[in-house]
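Listed below, chain by chain, are the residues.
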Amino acid sequence: MKNLILIGFMGAGKTTLGRALAKELSIPFLDTDDMIEEQQQKKISAIFAESGEPYFRDLETQALRQLLERPQGMIVAVGGGLPVREENRELLKKLGTVAYLEATIDTLEARLRGDTARPKLQGGDLRGRIAELMRARRAVYEEAADVRICTDKRDRKEIIEEMKTYVL
Ligand code: S3P
């Protein structure tokens, strides 16, 4: 079985849906944010605050390289900003089938309201931040993806059934 890698904006459901799918299929689930927090013994917000974003982005590339060393057959969720680096997009392609979980700005705003854990969303106007990042990232997600899955106004079960069809 090939790996299925979930990309998309913060709040798209990569971790929640990925974990649920992996559980249903009884296969491993890994999340690059969790790998980084575990290895650094720090929250992502602390890594950003203490070492800066470029350092965090290096850790993401490192996590992808570690995933490439593992046996195939996993569901992997990656941080929302990870595909922005071209090098990471190349590593993602090597890692498996890349699925882009799509959501509209309205949906993302509703899901991310009140979030305090994500450094890219703190301070100022949430909708404006989402819209600005989305403008810069949409094309990147589309380029990195083999398949696109809409998550708006859809039942979790239905999305998971669609995801299953891409587990090859
Ligand atoms: C980020 C997304 C986060 C996390 C970090 C930066 C981003 O992951 O990697 O806060 O730049 O979009 P999630 O997409 O899992 O929230």
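Remember, it's a predicted structure, so these values are computed and weren't measured experimentally.

Draft legend 1. Structural detail: the overall build of the protein. Secondary structure summary: the protein contains 8 helices and 5 strands in total. Along the protein, helices (α) and strands (β) appear in the sequence β-α-β-α-α-α-β-α-β-α-α-β-α when read from the amino end. Taking 2.2 N^0.38 as the reference for a compact globule, 168 residues should give roughly 15 Å; the C-alpha atoms of the protein span a radius of gyration of 15 Å, in line with that estimate. Along the longest, intermediate and shortest principal axes, the C-alpha atoms of the protein span 40 × 35 × 25 Å. Taken over 168 residues, the protein has a buried fraction of 49%. Relative to all contacts within the protein whose residues are 6 or more apart in sequence, the contacts with residues 24 or more apart total 72%. Surface exposure of the protein reaches about 8,500 Å², of which carbon and sulfur atoms provide 48%. A gap of 1 Å separates the mean positions of the 28 positive and 28 negative side-chain charges of the protein.

Draft legend 2. Layout of the layout of surface pockets. Taken as a whole, the largest pocket holds about 570 Å³ of empty space. Met-10, Asp-33, Ile-44, Gly-79 and Arg-118 are, among the 30 residues lining the largest pocket, the residues nearest its centre. Secondary-structure elements contributing two or more residues to the lining of the largest pocket are helix H1 (14–25), helix H2 (32–40), helix H3 (44–51) and helix H4 (53–68). In terms of residues, the lining of the largest pocket owes the most to one element, H1, which gives 4 residues.

Draft legend 3. The site of the ligand, seen in detail. Among the 14 residues in the neighbourhood of the ligand, the closest are listed as Lys-14, Asp-33, Arg-57, Arg-118 and Arg-137. Backbone polar atom of Gly-80 to an oxygen atom of the ligand: 2.8 Å apart, as the coordinates give it. In the model, an oxygen atom of the ligand is placed 2.7 Å from a nitrogen or oxygen of the Arg-137 side chain. Coverage of the ligand by the protein amounts to 96% of the 390 Å² it exposes when considered alone. Given that more than half its atoms are within 2 Å of the pocket grid, the ligand belongs to the largest pocket. The element best represented in the shell around the ligand is H4, accounting for 3 residues. Each residue belonging to the shell around the ligand can be placed in one class, and the counts come to 4 nonpolar, 3 polar and 7 charged.

Draft legend 4. Representation of the pairing of strand E5 (residues 147–150) in the model. Burial along E5 is one-sided: Val-147 and Ile-149 are buried, while Arg-148 and Cys-150, pointing the other way, are not. For strand E4 (residues 96–102) and E5, the ladder comprises 4 bridges, and the chain directions are parallel. Bridging from a neighbouring strand, Ala-99 pairs with Val-147 of E5.

Draft legend 5. Fine view of the pattern of salt bridges. With the rule as written, the count across this model stands at 19 salt bridges. Among the ionic pairs, Arg-118 bridges to Asp-115, the shortest N-O distance being 2.7 Å. Residue Arg-118 is classed as partly exposed on the basis of its relative accessible area of 31%.

Reading the values: the criteria
Residues numbered from 1 in each chain as written. Predicted model: local features only at pLDDT ≥ 70, side-chain atom pairs only at ≥ 80, totals over all residues. Heavy atoms only, no water. Helix = DSSP H or I, 4+ residues; strand = E, 2+ residues; numbered from the N terminus. Rg over C-alpha atoms; globule rule 2.2 N^0.38 Å. Buried < 20%, exposed > 50% of the residue type's maximum accessible area, 1.4 Å probe, protein only. Contact = heavy atoms within 4.5 Å. Areas by Shrake-Rupley, 256 points an atom, 1.4 Å probe, with all protein chains shown as cover. Lys, Arg positive; Asp, Glu negative; His and termini not counted. Charge placed at Lys NZ, Arg CZ, Asp CG, Glu CD. 1 Å grid on protein atoms, 1.4 Å probe; cavity = no way out; pocket = protein on both sides within 12 Å on 5 of 7 lines; lining within 4 Å. Points joined across faces, edges and corners; volume = space filled by probe spheres on them. Near = heavy atom within 4 Å. Polar contact = N/O pair within 3.5 Å; in protein donor to acceptor, adjacent residues only side chain to side chain. Sits in = over half its atoms within 2 Å of the grid points. Nonpolar A, V, L, I, M, F, W, Y, C, P; charged D, E, K, R; others polar. Pairing = 2+ DSSP bridges. Salt bridge = Lys/Arg side-chain N within 4 Å of Asp/Glu carboxyl O.

Functional significance is not addressed by these values, which are geometric in nature.
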